[in-house]
Amino acid sequence: MATVGQTLVQNLVDRGVEIIFGIPGVHTIELYRGIENADIRHITPRHEQGAGFMADGYARTSGKPGVVFVITGPGLVNTMTPMAQARADSVPMIVVTGVNRRDSLGKGLGLLHELPDQIGLSKTVSKHAEHIASGADLEGALTRSFAALEGRPGPVHIEVPTDVMDLPVLKPLSITTKRQQSQPDLEPFVQALADSAHPVILVGGGCRQQDKALTQLAEKLDAPVVQTVNARGLMHGHPLTVPASPSLQSVRSLIAQADCVLALGTELGPTDYDMYATGTYPEMNTLLRIDVCDEQLARHPAERTLLADLNECLPALACQVAKKAKTNGASRAECARKAARQEVESQTPGYGDFIAQIETLREAMPGAVLVGDSTQAVYAANLYYDHDRPGGWFNGATGFGALGYAIPAAIGAALAGPSAPVIALMGDGGAQFTLPELGVASDENLPILFVVWNNNAYLEIANSMEAAGIAATGCHPCAPDFDAIAAAYRLGFRRISPAQLAVSLAEMLPLAGPMLLEIDMQA
């Protein structure tokens, strides 16, 4: 008879889970009994934070939930940073942990890895959390956990006490299929858009799988399309696309001049719409919103809202709207693009060069998945950059904004098996948060290009402190010898100046395995 641990793993397999990112420990051994004979792949990160970020990158690239197995106590706590990032960016993740035996919980007995209230702690960042107290609890807990991934996804947590993992499960588990949603009434949106003369579309991560429908809708409305960070890659190179932050004054002007603003799958959060923390938002006339989360729809006043999954309703909306006579949509978008790029380049010295370098990477490795950390090059491109793969540009620099994201998330993206190369973008400071995860890229021989801009500083913070009249204290930790780091993890390596990027890429590509490219910003 199968145990709770074995049945849990088999249920994950039955639900389509292919990879588990995990670090085994004494509190999860009986879960690993289930992995032993299951048709599932196990990836061993070097730290639980790396496990969580790998699951995040895997989920964003594959569209499937990333699954993590970690121990109780420090295992969960170390995973909570990636869980919080996933919660902020609506990324589906399942975190399975052990917890101490049932009769010890909440008693403060001093057991190994004990927390006062582990599931209570996880609820501060998880969308849903389950405690399995017996074999009979397993089916309902898994059903509810996967149901929680519907709508606006996020991380869910399942904890299993060590004395429950090896209990028998008396009957096979059933799997409830996803409920079919009825088609929402789109007529009020169709009419409002028909009445508009100069509409603008704002798109967020909720549209990332709908490039074709979005393009059809934009063309029929002759409407410029402003992309938030998680929407980049949609409508690449299209005359109506505006791959620029709505925090920029030039983009805000475009939005303010519209007589109707259609916001699709975007939470209208400040890390996209007020990056400069001015406390102001773009002016939006006749705001229409469609989003999968009712809480998000309630957070901003709008003329009309619709609770719906854009993967289901956007193609229908694109079919139903009437085709408008072309007015000046393409010229409005072109003016906004030119003004936005000029604004970024003039406002922050060096940002124009960073954008050009990322464009060089894009041209050298077309259709790549670019995974970014919090670093100046990514900040610059989040303000203005047109990527060439839907869903192929994402980073940890918005929302929760965790450092150390790029290396493990890029590994997760590569393991998801996209028909595209993967590039990780980071600074020397952020890279040091998760450098050991390079070992996983080596273990799996993943052809990832890890790009490090090395200025021997947390330079963005140093500049901000000095601009505020504060000494840049704590902003200049020494960078490691990246050549030696690459050798230690058996990666290829090259150190270049920014001017050598294009030539060096031509010499390096295609990659036969993982490669670390250091761009020496002081060269």
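The structure we're discussing is the one just above.
Just so we're clear, the structure is a prediction, and the values are computed from it rather than from any experiment.

Focus: the pairing of strand 5 (residues 128-131)
- Of the strand pairs in this sheet, strand 5 and strand 6 (residues 155-161) are connected by 4 bridges, and their pairing is parallel. The residue of strand 6 that forms the bridge with Glu130 is Ile158.
- Remark: the strand 5/helix 6 (residues 138-148)/strand 6 crossover connection has right-handed handedness.

Focus on the pattern of salt bridges
- By the definition in use, this model includes 19 salt bridges.
- Across the pair Arg144 and Glu130 runs a salt bridge whose closest N-O atoms are separated by 2.6 Å. Separated by 14 residues along the polypeptide, Arg144 in helix 6 and Glu130 in strand 5 bring together distant segments of the chain.
- The class of Arg144 is partly exposed, set by a relative accessible area of 43%.
- Among the ionic pairs, Glu507 bridges to Arg494, the shortest N-O distance being 2.6 Å. On the criterion of sequence distance, the pair formed by Glu507 in helix 21 (residues 501-508) and Arg494 in strand 17 (residues 492-496) is long-range, its members being 13 residues apart.
- For Glu507, a relative accessible area of 53% translates into the label exposed.

With respect to the packing of helix 9 (residues 249-256) against helix 13 (residues 329-347)
- Following both chains from N to C, one finds helix 9 and helix 13 inclined at 155 degrees, their axes separated by 8 Å at the closest point. One finds that helix 9 runs roughly antiparallel with respect to helix 13. Contact with helix 9, carried on its side by Gln249, Ser250, Val251 and Leu254, involves Arg332, Ala336, Ala339, Ala340 and Glu343 of helix 13 and no other residues of that element.
- Looking at the contact of helix 9 with helix 13, its residues break down into 5 nonpolar, 2 polar and 2 charged.

A word on the packing of aromatic side chains
- Counted by the stated rule, this structure contains 6 aromatic pairs.
- Between Phe53 and Tyr405, the aromatic rings sit 5.3 Å apart at their centres with planes inclined by 75 degrees, giving edge-to-face as the arrangement. With Phe53 in helix 3 (residues 48-62) and Tyr405 in the loop between strand 14 (393-395) and helix 16 (406-415), this pair connects stretches of sequence that are 352 residues apart.
- In this structure Phe53 comes out as buried when scored by relative accessible area, which is 0%.
- A centroid spacing of 6.2 Å and a plane angle of 85 degrees characterise the contact between Phe354 and Trp453, whose relative ring orientation is edge-to-face. Here Phe354 is found in helix 14 (residues 351-364), whereas its partner Trp453 is found in strand 16 (residues 448-454), with 99 residues between them in sequence. Pair check on accessibility: Phe354 and Trp453 agree, each one buried.

Criteria and cut-off values
- Residues numbered from 1 in each chain as written.
- Predicted model: local features only at pLDDT ≥ 70, side-chain atom pairs only at ≥ 80, totals over all residues.
- Heavy atoms only, no water.
- Pairing = 2+ DSSP bridges.
- Helix = DSSP H or I, 4+ residues; strand = E, 2+ residues; numbered from the N terminus.
- Right-handed = clockwise from strand over helix to strand, strands pointing away.
- Salt bridge = Lys/Arg side-chain N within 4 Å of Asp/Glu carboxyl O.
- Buried < 20%, exposed > 50% of the residue type's maximum accessible area, 1.4 Å probe, protein only.
- Axes fitted to C-alpha atoms, helices over the stretch in contact; angles between N-to-C directions.
- Parallel < 35°, antiparallel > 145°, perpendicular 65-115°, else oblique.
- Contact = heavy atoms within 4.5 Å.
- Nonpolar A, V, L, I, M, F, W, Y, C, P; charged D, E, K, R; others polar.
- Phe/Tyr/Trp six-rings, centres within 6.5 Å; stacked < 30°, edge-to-face > 60°.

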